[in-house]
Amino acid sequence: MSTMIKMVRALTAAAAIAVAAPAFAAGDGPHIERQQWSFAGPFGTFERGQLQRGFKVYQEVCAACHGLRQVAFRNLAEEGGPSFSEEQAKVIAAEYTVVDGPNDDGDMYDRPAILADKFPSPFPNEQAARASNGGAYPPDFSLLAKARAAHRGFPWFVFDAFTQYQEQGPDYIYALLTGYEEDPEGIEVPVGQYYNHSFLAGQFIGMAPPLSDELVEYTDDTPMTTEQYARDVSAFMMWAAEPHLEARKKMGFRVIIFLIVFAGLLYFTKKHLWRNVEH
């Protein structure tokens, strides 16, 4: 009986911790609202127009400080991506300069980028990047949508596994880009810092508000607002971090169908083989 009582107490304590954990997790950082994304869920896909708009925002606003060094120019024309044509991707690549070499004289030289090249960094090294940004190091955008996410505590991450919620990264990026505020009364913002209520590392961030209304011109009648820019570039960054997302989901669906059919075959095979055997 004492053993049973101990087990009940242990289960009760575990349940209490599970209930309390989300409250603690929520109190440790900002609240990040879940957004609606076309690529969410097991059958979600990227919206091509949104990826192209997001790339435009990156190219005209973010690329001055943030690199994209894991993405090649040819990826822009590959299936599952922004769906630029090969010629469009070549034109985009030619706008960039990359360092190549050595040549026959042993010297490095600059040349226009080609499809096989990856996006060059806007700075030659980390020290130069920090010197140009007041000591802050602008992170590379390639994997940021997967690396930056508001982690949900137990038991919510268990629910996320069942609901296939994998959009914490773009949710956070969108919240960060739209989370700038005027300095709140009673809060002293350090010099060179900006107040952002969605920043995971604290309320102050070294990056100035990068977006504003009418900053980037859209040609498809999409609203040119800060919120729309933030949404589009967040989707583009999700694609950059996981360019084969659509192929992965298609393969996963096929595997599930195969497993269901395979399980059915095993069941009926077992019933056939053992139908005359007494149990």
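This one's a predicted model, so the numbers in the text were calculated from it and none came from an experiment.

Conventions and cut-offs
Residues numbered from 1 in each chain as written. Predicted model: local features only at pLDDT ≥ 70, side-chain atom pairs only at ≥ 80, totals over all residues. Heavy atoms only, no water. Buried < 20%, exposed > 50% of the residue type's maximum accessible area, 1.4 Å probe, protein only. Helix = DSSP H or I, 4+ residues; strand = E, 2+ residues; numbered from the N terminus. Arc of directions from axis to C-beta. Contact = heavy atoms within 4.5 Å. Phe/Tyr/Trp six-rings, centres within 6.5 Å; stacked < 30°, edge-to-face > 60°. Salt bridge = Lys/Arg side-chain N within 4 Å of Asp/Glu carboxyl O. 1 Å grid on protein atoms, 1.4 Å probe; cavity = no way out; pocket = protein on both sides within 12 Å on 5 of 7 lines; lining within 4 Å. Points joined across faces, edges and corners; volume = space filled by probe spheres on them. Nonpolar A, V, L, I, M, F, W, Y, C, P; charged D, E, K, R; others polar. Disulfide = S-S within 2.5 Å. pLDDT = per-residue confidence, 0-100.

S.K.: Looking at this structure, how should I read helix H3 (residues 86–94)?
M.R.: Each turn of an α-helix holds 3.6 residues, which means side chains three or four residues apart point in the same direction. Burial in H3 covers these residues: Ala89, Ile92 and Ala93. Across the axial projection of H3, the buried residues extend over an arc of 100°, all falling on one side. Opposite its buried face, H3 presents the exposed residues Glu87 and Val91, each directed more than 90 degrees away. The elements touched by buried residues of H3 are helix H2 (48–60).

S.K.: I'm lost on the packing of aromatic side chains in this one. Help?
M.R.: One pair of aromatic rings is described through two measures. These are the centre distance and the angle between the planes. According to the stated counting rule, one finds 17 aromatic pairs in the structure shown. Geometrically, the ring pair formed by Trp37 and Phe39 is stacked, given 5.4 Å between the ring centres and 20° between the ring planes. By relative accessible area, Phe39 is classed as buried at 0%. With a centroid separation of 5.1 Å and an interplanar angle of 45°, the aromatic rings of Phe39 and Phe46 are classed as tilted. Pair check on accessibility: Phe39 and Phe46 agree, each one buried. Counting every residue linked through ring pairs, the aromatic cluster contains Phe55, Tyr58, Phe73, Phe84, Tyr96, Phe119, Phe141, Phe236 and Trp239.

S.K.: What is the right way to read the pattern of salt bridges from this model?
M.R.: In this structure the tally under the stated criterion is 14 salt bridges. The partner of Asp140 in a salt bridge is Arg69, with the nearest N and O atoms 3.7 Å apart. Linking Asp140 in the loop between helix H4 (126–132) and helix H5 (144–147) with Arg69 in the loop between H2 and H3, this pair joins segments that are 71 residues apart in sequence. When its relative accessible area of 46% is taken as the criterion, Arg69 is described as partly exposed.

S.K.: Help me understand the layout of surface pockets, please; the structure alone is not making it clear to me.
M.R.: To find leftover empty space, a probe the size of one water molecule is rolled over the atoms. A volume near 690 Å³ is recorded for the largest pocket. If you go around the largest pocket, you meet 29 residues; those closest to its centre are His66, Pro139, Leu176, Ile205 and Met207. Where the lining of the largest pocket is concerned, the elements lending two or more residues are helix H7 (168–177), strand E4 (204–205) and helix H8 (226–241). In terms of residue count, the dominant contributor to the lining of the largest pocket is H7 (four residues). Split by residue class, the lining of the largest pocket holds 24 nonpolar, four polar and one charged.

S.K.: Mind showing me how you'd approach the state of the cysteines here?
M.R.: When the sulfur atoms of two cysteines share a covalent bond, that bond is a disulfide. If you walk through the whole model with that rule in mind, you get zero disulfides. Cys65 provides the cysteine sulfur closest to Cys62, a residue in no disulfide bond, and the two sulfurs are 8.9 Å apart.

S.K.: How do you make sense of the confidence of the model for the protein chain when you look at a structure like this?
M.R.: Residues shown with low pLDDT carry predicted positions that ought not to be read at fine detail. Taken as a whole, the protein chain shows an average pLDDT of 88; of its residues, 90% reach a score of 70 or greater. Here residues 1–27 scores under 50 on pLDDT; set against residues more than four positions off or in separate chains, the count is seven contacts.

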